[in-house]
Amino acid sequence: VQLQASGGGLVQAGGSLRLSCAASGRTFSSYAMGWFRQAPGKEREFVAAITWSGGSVYYGHSVKGRFTISRDNTKNTAYLQMNSLKPEDTAVYYCAASNYSPRTSPRTYDYWGRGTQVTVSS
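Residues numbered from 1 in each chain as written. Predicted model: local features only at pLDDT ≥ 70, side-chain atom pairs only at ≥ 80, totals over all residues. Heavy atoms only, no water.

## Digging into the packing of aromatic side chains
Selection criterion: Aromatic rings from Phe, Tyr and Trp, with only the six-membered ring used for Trp, were paired whenever their centres fell within 6.5 Å, and each pair was classed as stacked if the ring planes differed by under 30 degrees, edge-to-face if by over 60, and tilted otherwise. A run of H or I in DSSP counts as a helix once it spans at least four residues, and a run of E counts as a strand once it spans at least two, with each numbered from the N terminus. Between buried and exposed lies partly exposed: a residue is buried under 20% and exposed over 50% of the maximum accessible area for its type, with that area taken using a 1.4 Å probe on protein chains only. Two conditions define a charge sitting above a ring: the NZ of Lys or the CZ of Arg must be within 6 Å of the ring centre, and it must be within 35 degrees of the ring normal.
Applying the stated criterion to the full structure yields six aromatic pairs. Consider the rings of Tyr-31 and Tyr-111, whose centres lie 5.6 Å apart with planes at 85°: the pair is edge-to-face. One end of the pair, Tyr-31, is in the loop between β3 (17-23) and β4 (32-38); the other, Tyr-111, is in strand β10 (residues 111-112), with 80 residues separating them in the sequence. Look at Tyr-111 and you get partly exposed, because its relative accessible area is 29%. An aromatic cluster is built from Phe-36, Phe-46, Tyr-94, Tyr-109 and Trp-112, whose rings are joined through pairwise contacts. The residue whose ring lies beneath Arg-44 is Trp-112, and the NZ or CZ to ring-centre distance is 4.8 Å. The residue whose ring lies beneath Arg-71 is Phe-28, and the NZ or CZ to ring-centre distance is 4.5 Å.

As structure tokens, then:
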């Protein structure tokens with residue numbers, strides 16, 4: 001599966017953005033999906049994940065209550081709605097697909113898209 005993330009940009013603190021991750025191929029619905037982010041000089045950080053059916057979702061501590069992950073298997077697309085953005089949310093955001101149940105470690109994901117930059121100004 002090939003993944004393409006989009007929707008990043010520059011936003012003021014307190015604002016919102018919605019990221020999209022479009023997948024090619026007809027097996028999108030069989031993958032768990034995850035979002036990760038990486039700021040300069042930092043390790044890649046788990047943001048959110050969702051099971052293949054969308055029935056279960058998971059969030060990193062720093063985004064819980066502000067971000068929402070979802071998916072539309074009819075459109076082969078996963079989303080990350082980001083509200084109440086903070087300057088510390090600034091990073092390149094990546095979407096990833098896993099053949100297994102969603103995990104927080106990036107090493108458990110099999111496919112990665114190119115990132116999309118999110119910059120939050122104070």
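There's plenty left to go through after this.
## Brief notes about the pairing of β3
Put simply, the test is: Pairing between two strands requires that DSSP report at least two bridges joining them.
For β3, the tally of buried residues reaches five of seven residues, placing the bulk of the element in the interior. In this sheet, β3 lies alongside strand β1 (residues 3-6) in antiparallel orientation, the contact comprising four bridges. Each bridged residue has a counterpart across the sheet, and for Ser-6 the counterpart in β3 is Ser-20. Alignment of β3 against strand β8 (residues 77-82), held across six bridges, turns out to be antiparallel. Residue pairing for β8: Leu-17 is matched across the bridge by Met-82.

## Quick word on the state of the cysteines
Which entries qualify depends on this criterion: In what follows, a disulfide is any cysteine sulfur pair within 2.5 Å.
All chains considered together, the criterion is met by one disulfide. Cys-21 shares a disulfide with Cys-95; S-S distance 2.1 Å. Taking the torsion about the sulfur-sulfur bond, which here is approximately 65°, the covalent link between Cys-21 and Cys-95 counts as right-handed. Taken as a pair, Cys-21 in strand β3 and Cys-95 in strand β9 (residues 91-98) lie far apart in primary sequence, 74 residues in all.

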